[in-house]
Every structure is written in C-alpha cells, then in structure tokens.
Amino acid sequence: MSNILAIESSCDDTSAAVLRDDTLLSNVIASQKVHEQYGGVVPELASRAHQQNIVPVVDAALREAGIDKSELDAVAFTRGPGLLGSLLVGVSFAKSFAQGLGIPLIEVNHLQAHVLSHFIKTPGNPTPEFPFLCLLVSGGHTQILLLRSHFEMEVLGQTIDDAAGEAIDKAAKIMDLGYPGGPIIDRLSKEGNPDAFRFATPNIAGYDYSFSGIKTSFLYFLRDRLAEDSDFIEKNKSDLCASIQKCIMEFLLKKFEKAALATKTRQIAIAGGVSANSYLRNGILRLAEKHHWRAFVPTLQFCTDNAAMVGIAAYHKYLLGEFADISLTPYTN
Ligand code: KG4
Ligand code: ZN
C-alpha cells in the first residue's frame, strides 16, 4: 500500500491531492481569479499566487485525506510542460517536502497525467483497457494518442498551430465574453442554435488539426457583420457560441473517429480541460454508440488541471520504481 501526495502547479491552478494506491482520498484545487481581468494567464502573477497557495492547499489535502505527513510514501509533482515560474513553485516545494520527510520524489508529465486520470478508481466508473485511443484537448495541447500501456503513448495526430482550448478561448475573447472562455461558451451555447452560422474547417492531412484558420474566419465574419450592425454580437450571442462550439467540436470528433476506425481501437477516451465541454462529451458518447465502442469520459473534477491526475500517474511510476532525482529542473515544452 502507498500513500502519495501529488502537486500540480503547471499553469494557473494550485492543486494538491492524496492517493492511497489508485484511490483518491483528497483533491484540493485553488484557482487563480487574478487573471480574469487580463483576459489570459499572466505568468508572473501565476507564480506569485502559487507561492501563496501551495502551503494551505497541501495542508488542506492532507487534512481532508486524514493522513499525517509521516504516513506519506512519496511526493509527486508536475515537472512540465507548463509555465516555468509556476512549475518552479511546485517542483521546489515537492523537493523540500520529500527531502524533509526522507521519502522519494516522483516526477510527472502534465499531458500523461491528463490521460491517466481515467485510471483513478471511482465507484461505478470502469477503467479503459489497453490499447485505447485518447483525444487530449486542453488550453495548450490537442493530440490523438494511442495508449499501449500507462506510459507508452503514440502521438497519431496533433495540432499544427493553436490548441482547441486556445481557439475556444480566443473566440470568446473576440466576443468579449471573459476568460477562460471555454466554460462560458459551453454555457451560452445551451440556449443557441448550433446551425445558425457556419465556419469553414481546414483540410489537414492525416490526423493533424489546425485551429488558427477557424479563429481568423470567425474574426472576419464578425468584423463584416459588426460593420452592418454594431449590436450583432449582443443580438446573436448564444447562436454564435453554439455555432463556433459545434464547428470546433465536430472538427475534433471527425478526425478522432477517422483515427479510431483506422487503428481499429474499440475503446475511446477524452481528457484535458476541453473534455469538460458538453458538446464534446455527448459527441464521444454518440461515436461510441454508432460504432459499438466503449467510451470513457472523465468526471468533471478530473478534466481541468488537478493534482489527482498527477497522483495516479505517480502511483503507476511508484509501482515501476521510477523515482526522480533531487537535482532535476522543470521543463516548459
Ligand atoms: O487542461 P486545462 O485545465 O489546462 C491546460 O493544461 O491547458 O485546460 C484549460 C482549457 C481552457 O482553454 C478552457 O477554456 C478549456 O480548457 N475548458 C473548456 C471547458 N472547460 C474548460 N472548453 C470548452 N468547454 C468547457 N466546458
Ligand atoms: Zn492541463
């Protein structure tokens, strides 16, 4: 049996979790509101907020788990990719905490953690079997991954420019909806007509994606309409949200379906912040029903950045005896 404390600080969420083997005992997340007024994450403010949050968040995670620090077997942390200043806070904290307790350190890749969140044991939620195909969609990444084991992930396709979450956030910014735009667009879309407006998706070879063209066509479309009617966005807000959401999510789903058919995988999963999107979640379930595949959709608390996913990835490294050296440094890419 192992008790692992996990820390996530790669972007703008400070999070700590405690896992006993693959069972989650606590998952505390402090989100940073300070970035909203700037319409995006300000790296300098993010690292400062991590410094303020890290001790109370770890303390809360241990208390909630009912675990004393003397009962911990390892400390895990996100090494990268992410913002350097943000990562440094988690990495430094984890190093000193582990060293103080005389227990091993486990480094985790943030993207692997998102995918492995499917292995957190939750009642009534079966875990995928290998091999399975995962669509990883977040604010920084968009990838189609074929998983052969916990740490064998083959990238079949990925974005050649913006990430899906970035595209959604930029669309929201163009409409002046606030940050982060993903959840806002998702919410407003519920009252809108997804077929009200059409935006072209690019033809990209293989299983790769591209989102910068969609963003530009959305921008030009609105510029032209606003020239005719300055209230165009206000009058059509929910239809615009529903239409751009459908455009981006259908593009994601279409390529993912193609990749699943080609690899003959019968299990599909989604992960990352954008996997919280209701259109995408329904879309994955629809795909699975159509082809008689098994679909794995993460519970909402494991979609956006959290330390539970770092903890589960660390647990599988713990089983393999893969520990990190105290001298390691974070990586941004
Ligand atoms: O995984 P994550 O928390 O951070 C990164 O590693 O990037 O993902 C954040 C992204 C943001 O772009 C955010 O707008 C998007 O996930 N997101 C959503 C939803 N919730 C979060 N996008 C669409 N619909 C949502 N419900
Ligand atoms: Zn993430």
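What you see is a predicted model, and the numbers here were worked out from it, not measured in a lab.

**What to know about the sheet that holds strand β1 (residues 3-8)**
Next up, step 1: One open sheet accounts for 5 strands, arranged β3-β2-β1-β4-β5; its pairing is mixed. Across the chains shown, the open sheet's two edge strands, defined by having one partner strand only, are β3 (23-31) and β5 (105-109). Averaged over all pairs of adjacent strands, the angle between their axes in this sheet comes to 20°, without regard to strand direction.
Next up, step 2: In the sheet, strand β2 (residues 13-20) pairs with β3 via 8 bridges, with the strands oriented antiparallel. Bridge pairing links S15 to I29 in β3.
Next up, step 3: Sheet strands touched by helix α2 (residues 84-101): β1, β4 (74-80) and β5. Its angle to β4, the strand with the most contacts, is close to 160°.
Next up, step 4: The sheet strands contacting helix α9 (residues 308-320) are β1, β2, β3, β4 and β5, and the helix crosses β1 at an angle near 130°.

**Some details on the coordination of the zinc ion (ligand 2)**
Next up, step 1: Surrounding the zinc ion (ligand 2) are the protein donor atoms H110 (NE2), H114 (NE2) and D305 (OD), which sit 2.0 to 2.1 Å from the metal.
Next up, step 2: Here the donor residues for the zinc ion (ligand 2) map to a single chain with the spacing H-x3-H-x190-D. On the criterion of sequence distance, the pair formed by H114 in helix α3 (residues 110-116) and D305 in the loop between β10 (294-296) and α9 is long-range, its members being 191 residues apart.
Next up, step 3: On the accessibility criterion, D305 (14% relative accessible area) is buried.

**Describing the site of ligand 1**
Next up, step 1: The local shell around ligand 1 holds 17 residues, among which G139, D169, D186, G273 and N277 are the closest.
Next up, step 2: In the environment of ligand 1, an oxygen atom lies 3.1 Å from a nitrogen or oxygen atom belonging to the side chain of H114.
Next up, step 3: For ligand 1, whose unbound accessible area comes to 550 Å², protein coverage reaches 88%.
Next up, step 4: Among the cavities detected, the one that contains ligand 1 is the largest pocket.
Next up, step 5: Secondary-structure elements contributing two or more residues to the shell around ligand 1 are α3, α4 (164-174) and α5 (181-189).
Next up, step 6: Ranked by residue count, the leading element in the shell around ligand 1 is α5, at 3 residues.
Next up, step 7: Looking at the shell around ligand 1 residue by residue, the classes come out as 4 nonpolar, 10 polar and 3 charged.

**Let's talk about the domain arrangement of the chain**
Next up, step 1: When its domains are assigned, the chain resolves into domain 1 (3-117 + 303-320) and domain 2 (129-298).
Next up, step 2: With centres defined by C-alpha atoms, the gap from domain 1 to domain 2 works out at 27 Å.
Next up, step 3: Contact with domain 1, which involves 17 residues of that partner, is made by 19 residues of domain 2.
Next up, step 4: Interface area, domain 1 with domain 2, both sides summed: about 1,500 Å², of which 76% is carbon and sulfur.
Next up, step 5: When the buried area of domain 1 at its contact with domain 2 is split by residue, L111, V115 and C303 rank highest and sum to 38% of it.
Next up, step 6: At the junction of domain 1 and domain 2, the tally comes to 2 residue pairs in polar contact (both at pLDDT 80 or more).
Next up, step 7: At the level of secondary structure, the elements contributing two or more residues to the side of domain 1 that touches domain 2 comprise α3 and α9.
Next up, step 8: Of the residues that constitute the side of domain 1 that touches domain 2, the class distribution is 9 nonpolar, 6 polar and 2 charged.

**Here we look at the packing of helix α1 (residues 43-65) against α2**
Next up, step 1: In contact at an axis separation of 9 Å, α1 and α2 are set at 40° when each is read in the N-to-C sense. Taken together, α1 and α2 sit at an angle that is classed as oblique. For α1 against α2, the interelement crossing comes out right-handed. Contacts between α1 and α2 involve A46, S47, H50, Q51, I54, V55, V58 and L62 from the first element and G85, S86, V89, G90, F93 and F97 from the second.

Conventions used here
Starting from 1, residues in each chain are numbered consecutively following that chain's sequence as written. Lettering for chains starts from A, numbering for ligands starts from 1, and both go in the order in which the items are written. Reporting in this predicted model follows two pLDDT cut-offs: at least 70 for local features of residues, and 80 or more for side-chain atom pairs to be given and counted; totals over whole chains, interfaces and linings ignore these cut-offs and use all residues. Neither water nor hydrogens contribute to the side-chain values; these are computed over all heavy atoms in the structure. Only when DSSP finds a minimum of two bridges between them are two strands counted as paired. Only DSSP runs of H or I with at least four residues qualify as helices, and only runs of E with at least two residues qualify as strands; both kinds are numbered from the N terminus onward. The angle between two axes is taken between their N-to-C directions and runs from 0 to 180 degrees, where each axis is a line fitted to C-alpha atoms and a helix contributes only its stretch in contact. The contact definition used throughout considers only heavy atoms, calling two residues in contact when any of these lie within 4.5 Å. Coordination partners: N, O, S within 2.8 Å of the metal, 3.2 Å for Na, K and Ca; water not considered, so apparent gaps in a site are possible. A simple rule labels every residue: compare its accessible area, found with a 1.4 Å probe on the protein chains alone, to the largest value its type can have, and call it buried under 20%, exposed over 50%, or partly exposed in between. Being near a molecule or strand, for a residue, means having at least one of its heavy atoms within 4 Å of it. The definition of a polar contact used here is a pair of N or O atoms within 3.5 Å, where within protein one atom must be able to donate a hydrogen and the other to accept one, and adjacent residues in sequence count solely through side-chain atom pairs. Here the Shrake-Rupley method, with its probe set to 1.4 Å, supplies the accessible areas, and only the displayed protein chains count as covering residues. Every definition here rests on a 1 Å grid over the protein atoms only: cavities are sets of points where a 1.4 Å probe fits but cannot get out, pockets are open sets enclosed by protein on both sides within 12 Å along at least five of seven lines, and lining residues have some atom within 4 Å of a point. Put plainly, a molecule is in a cavity or pocket when over half of its atoms are within 2 Å of the grid points there. Only Asp, Glu, Lys and Arg are considered charged, only Ala, Val, Leu, Ile, Met, Phe, Trp, Tyr, Cys and Pro nonpolar, and every remaining residue, Gly among them, polar. Throughout the structure description, domain borders are defined by an automatic or database domain assignment. Reported buried area values correspond to the accessible surface (1.4 Å probe) lost by two parts on association, with both partners' losses combined. Reported orientations rely on four angle classes, namely roughly parallel under 35 degrees, roughly antiparallel over 145, roughly perpendicular from 65 to 115, and oblique for the rest. Handedness of each helix crossing follows the sense of rotation of the near helix against the far helix: counterclockwise by less than a right angle gives left-handed, clockwise gives right-handed.

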